[in-house]
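# Understanding the architecture of this molecule
Each chain is listed here by its residues.
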Amino acid sequence: MTRVTSLDRRSFLRYSALSGLALGGAGLLAACGGDSTSGNSNGTTPDGSKYGTVAIQLSWLKNIEFAGEYFADSKGYYREAGFGSVNLIAGGAASTSVEAGLDTGKIWLGMSAPQTTAPAVLDGLPAKIVGTTYQKNPFCIVSSAAKPMLTPREMKGRKIGVQDTNQLIFNALLAANGMQPSDVQIVPAQFDPTPLANGEVDGWVSYVTNEPITLEAKGFETAHFLFADYGLPLTAETLTVRQETIDSERDKLKAFLAAEIRGWKDAVANPAESARLAVEVYGKDQRLNLAEQIQQAKAQNDLVVSADTRANGLFTMTDQLIAANIEALAKAKINIKAEQLFDLSVLRELLAERPDLK
């Protein structure tokens, strides 16, 4: 797969629009979306709030993955933090990437992943990751329980369904485990795992919080292993902003992060309500299954909460975890320094000022 860093700026934006790993750009939650509004002379925005309206791009369609945002919106945490409204923009496989949205100024903040943001930064996008929802990347290889694959080595010689947008991270998994693409039979795939259930492939690149649960709900017993447990300890659902936001809108970013933490605390504590918000309100047009969304919410909590977040607070990343991400990116032939990609200073300041958020 061609590295994004080898492309010129225009090519990168076109590439991002077509094949970002977790993309967004369609359908606003409430009113028409837009950029954050500017304060006027009396310190408020045209809508009377402190920070006005901001557009936040989700990394995927409106399912359980964004339960914390649903709580923050529905319970008024964003409003209490000073925002007139927060427009949650749904993502999707054919939409514009978070990085392209930041580049054009269409969004104020986006939820992405290190392996997507790093190439954009190397290509010249002035952006940083300021926190992460998932402490562990949910990417996994799911297989049939009747013919399980529980380690990367067990993929040798077998057919693996890999989506085009996930070729980069799949190749990184192989490299991290001393394997080559020729060691497996890569089968181009979409996101519906039916070919796995039908026996057309032996394994499937998926999210541990999604396909294994939906397949088992249909009576197809599965097995899986996580990329993060085999050399790729990447985080996911990372909160990414332009550098100018960190430099010039620090208090605004702190306010947003405070609302996010409150929302995600609620989501972790109440998987059933998280699922209801996804199914009945925010993702109503997705025709989601409530029972499956509850199971996914519970599985998701294991990625959001860790020993480190219990000690340091949600969204935080230890220096060790940041270093592990940089090392994992290098295995995907994305060579970047930690200070080029991550800036956790705003979040750390917030949690120092507001220990009640931990």
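Cut-off values and rules
- Residues numbered from 1 in each chain as written.
- Predicted model: local features only at pLDDT ≥ 70, side-chain atom pairs only at ≥ 80, totals over all residues.
- Heavy atoms only, no water.
- Helix = DSSP H or I, 4+ residues; strand = E, 2+ residues; numbered from the N terminus.
- Buried < 20%, exposed > 50% of the residue type's maximum accessible area, 1.4 Å probe, protein only.
- 1 Å grid on protein atoms, 1.4 Å probe; cavity = no way out; pocket = protein on both sides within 12 Å on 5 of 7 lines; lining within 4 Å.
- Points joined across faces, edges and corners; volume = space filled by probe spheres on them.
- Nonpolar A, V, L, I, M, F, W, Y, C, P; charged D, E, K, R; others polar.
- Pairing = 2+ DSSP bridges.
- Axes fitted to C-alpha atoms, helices over the stretch in contact; angles between N-to-C directions.
- Salt bridge = Lys/Arg side-chain N within 4 Å of Asp/Glu carboxyl O.
- Contact = heavy atoms within 4.5 Å.
- Parallel < 35°, antiparallel > 145°, perpendicular 65-115°, else oblique.

### Points about unusual backbone geometry
- Positioned with a positive phi, Glu 237 is a non-glycine residue whose angle comes to about 50°.
- Structurally, Glu 237 is set in strand E10 (residues 236-242).
- The backbone of Phe 315 sits at a positive phi, close to 75°, despite the residue not being glycine.
- Mapped onto the elements, Phe 315 comes out in the loop between helix H13 (307-312) and helix H14 (319-331).
- Phe 315 gets classed as buried once you look at its relative accessible area, which sits at 2%.

### Some thoughts on the layout of surface pockets
- When its volume is computed, the largest pocket comes out at roughly 750 Å³.
- As for the largest pocket, its lining consists of 33 residues, of which Trp 60, Asn 63, Phe 191, Asn 210 and Glu 211 are closest to the centre.
- At the level of secondary structure, the elements contributing two or more residues to the lining of the largest pocket comprise strand E8 (203-207), helix H8 (211-217), E10 and helix H12 (290-304).
- Partitioning the lining of the largest pocket into residue classes produces twelve nonpolar, 14 polar and seven charged.

### Quick word on the pairing of E8
- Burial analysis of E8 places five of its five residues in the buried class, which makes it a mostly covered element.
- Residues Gly 203, Val 205 and Tyr 207 of E8 are buried on one face, and the alternating residues Trp 204 and Ser 206, pointing to the opposite face, are buried as well.
- As judged from the five bridges shared by strand E5 (residues 139-144) and E8, these two strands associate in the antiparallel manner. The partner of Ser 143 across the bridge, within E8, is Gly 203.
- Sheet topology note: the strand E6 (residues 159-163)/E8 ladder contains two bridges and is parallel. Looking at the pairing, Gly 161 lines up with Trp 204 of E8.

### Quick word on the sheet that holds strand E2 (residues 83-89)
- Reading across from one edge, E2-E1-E3-E10-E4 is the order of the five strands in this open sheet, with mixed pairing throughout. Each edge of the open sheet carries a strand with a single partner, namely E2 and strand E4 (127-134). Strand-to-strand, the axes of this sheet are offset by a mean angle of 25°, without reference to chain direction.

### Some remarks on the pattern of salt bridges
- Going through the model one piece at a time under the given rule, you end up with twelve salt bridges.
- Between Glu 353 and Lys 254 there is a salt bridge, and its shortest N-O distance comes to 2.8 Å. Taken together, the residues span a long stretch of sequence, with Glu 353 in helix H16 (residues 345-353) and Lys 254 in helix H10 (residues 250-269) at a distance of 99 residues.
- Lys 254 sits in the buried class, given a relative accessible area of 9%.
- Here Glu 273 and Arg 276 are joined by a salt bridge, their closest N and O atoms 2.8 Å apart. Here Arg 276 and Glu 273 lie together in helix H11 (residues 271-282), a separation of three residues that amounts to about one turn.
- In this structure Glu 273 comes out as partly exposed when scored by relative accessible area, which is 23%.

### Structural notes on the environment of Ala 228
- Mapped onto the secondary structure, Ala 228 falls in the loop between strand E9 (222-226) and E10.
- The class of Ala 228 is buried, set by a relative accessible area of 13%.
- Ala 228 sits 90 residues away from Pro 138 along the chain, and the two C-alpha atoms are 7.7 Å apart.
- Residues contacting Ala 228, with those up to four places away along its chain left out, are Lys 136, Asn 137 and Pro 233.

### Some thoughts on the packing of helix H2 (residues 67-74) against H11
- The contact between H2 and H11 brings their axes to 9 Å, and the two run at 75°. Taken together, H2 and H11 sit at an angle that is classed as roughly perpendicular. Across from Ala 67, Tyr 70, Phe 71, Asp 73 and Ser 74 in H2, the residues of H11 making contact are Glu 273, Ser 274, Leu 277, Ala 278 and Tyr 282.
- Per-class residue counts for the contact of H2 with H11 are six nonpolar, two polar and two charged.

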